[in-house]
Amino acid sequence: MSNVIWKGGAAAVAQVTTCTVGGTIETDDIFKITIGTKTLSVTAGSTVAATVATTIAAAFNALSATEYPEFAEITALATAGGALTLTADTAGVPFTVTLATTEAGGGAADAQTWGQTATTASAGPNDWSTAGNWSGGAVPVNSDDVYLEDSAIGIYYGLDQSA
């Protein structure tokens, strides 16, 4: 057991999540991205993964910030071979993405795929999970005593420590 003190102030790192379109795509397949309580659904329009990724990126970036505030702080960019990167516009502010794909009628996907990997994890001065925010340079573990005292830097992210 050790005493760990919140310092805050670690360098901010922008989250980058890579989403990849793949498999056998039909032009009427639907690709969905959910962030927060909002879902963007995009019809493939092509059987080429790179073209579908470009279509999804264009639709993502065209969303109204008023109607889709969860999406407004993230930029989508189609890269190579069906990959699409989602990058936080503000470093240190994390986001959670859920992907799904269906057939045109809403049925379960057949041969198309839509997966994701966290290319760069979010980190920053307000994130519990950023080691640089803690005395000793390590995130607290179950046996540690945590002290939050006299810090002007709040903890806004990574607060769910139930695991």
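Provided above is the structure to which this section pertains.
Residues numbered from 1 in each chain as written. Predicted model: local features only at pLDDT ≥ 70, side-chain atom pairs only at ≥ 80, totals over all residues. Heavy atoms only, no water.

Colleague: How would you explain the sheet that holds strand β8 (residues 112-120) if you had to name every residue and give the values?
Modeller: The strand order β5-β6-β2-β8 describes an open sheet built from 4 strands, whose pairing is antiparallel. Strands with a single pairing partner mark the edges of an open sheet, and in this sheet they are β5 (74-78) and β8. Strand-to-strand twist of the sheet, defined as the mean angle between neighbouring strand axes without regard to direction, takes the value 20 degrees. In this structure, strand β2 (residues 16-23) lies alongside β8, joined through 8 bridges in antiparallel fashion. Counterpart to V21 in the pairing with β8 is W114. (Pairing = 2+ DSSP bridges. Helix = DSSP H or I, 4+ residues; strand = E, 2+ residues; numbered from the N terminus. Axes fitted to C-alpha atoms, helices over the stretch in contact; angles between N-to-C directions.)

Colleague: Describe the nonpolar core, and please don't skip the residues or the numbers.
Modeller: Judged by nonpolar contacts, the single largest core of 25 residues is most densely connected at I33, I56, F60, L84, L86 and W114. Counting residues per element, the ones that place at least two in this core are β2, β3 (30-35), β4 (38-43), α1 (49-61), β5, β6 (83-88) and β7 (97-102). The biggest single contributor to this core is α1, with 6 residues. Look past the residues within four positions of L86 in its chain and what remains in contact with it is Q15, V16, T17, C19, F60, I74, T75, A76, F95 and V97. (Core = buried A, V, L, I, M, F, W, Y, C linked by side-chain atoms within 4.5 Å. Buried < 20%, exposed > 50% of the residue type's maximum accessible area, 1.4 Å probe, protein only. Contact = heavy atoms within 4.5 Å.)

Colleague: Outline unusual backbone geometry, listing residues and values.
Modeller: The phi torsion at D150 lies on the positive side, around 45 degrees, for a residue other than glycine. In this fold, D150 is placed in the segment after β9 (145-147). Relative accessible area serves as the criterion here: at 84%, D150 is assigned to the exposed category.

Colleague: Could you give an account of the sheet that holds β4, with specific residues and numbers?
Modeller: In spatial order, the strands read β4-β3-β7; together these 3 strands make up an open sheet with antiparallel pairing. Looking at which strands have only one partner, the edges of the open sheet turn out to be β4 and β7. Each neighbouring strand pair of the sheet contributes to a mean axis angle of 20 degrees, computed without reference to strand direction. Examined bridge by bridge, β3 and β4 share 6 bridges and lie antiparallel to one another. The residue of β4 that forms the bridge with I33 is L40. On the sheet, α1 packs against β3 and β4 and is oriented at approximately 140 degrees with respect to β4.

Colleague: Talk me through the packing of aromatic side chains; I want residue IDs and the actual numbers.
Modeller: Any two aromatic rings considered together are summarised by their centre-to-centre distance and by the angle between their planes. This model, assessed by the stated rule, comprises 6 aromatic pairs. The interplanar angle of 50 degrees and the centroid separation of 5.0 Å between the aromatic rings of F60 and F71 together place this pair among those described as tilted. Of the two residues, F60 sits in helix α1 while F71 sits in helix α2 (residues 69-72), which places them 11 residues apart along the sequence. Across this residue pair, the class does not change: F60 and F71 are buried. Ring centres of Y156 and Y157 lie 6.2 Å apart, and the angle between their planes is 80 degrees; this geometry places the pair in the edge-to-face category. Taking relative accessible area as the criterion, Y156 reaches 55% and is therefore assigned exposed. Residue classification places Y157 among the partly exposed residues on the basis of a relative accessible area of 23%. Taken together, the ring pairs connect W6, W128 and W134 into an aromatic cluster. Looking at K38, its charged tip hangs above the ring of Y68, at a distance of 5.6 Å from the centre. (Phe/Tyr/Trp six-rings, centres within 6.5 Å; stacked < 30°, edge-to-face > 60°. Lys NZ or Arg CZ within 6 Å of the ring centre and 35° of its normal.)

Colleague: Explain the side chain of N126 to me, using residue names and the numbers behind them.
Modeller: Along the polypeptide, N126 turns up in the loop between β8 and β9. With near-sequence residues (within four places) excluded, N126 lies in contact with W6, N133, I153, G154, I155, Y156 and Y157.

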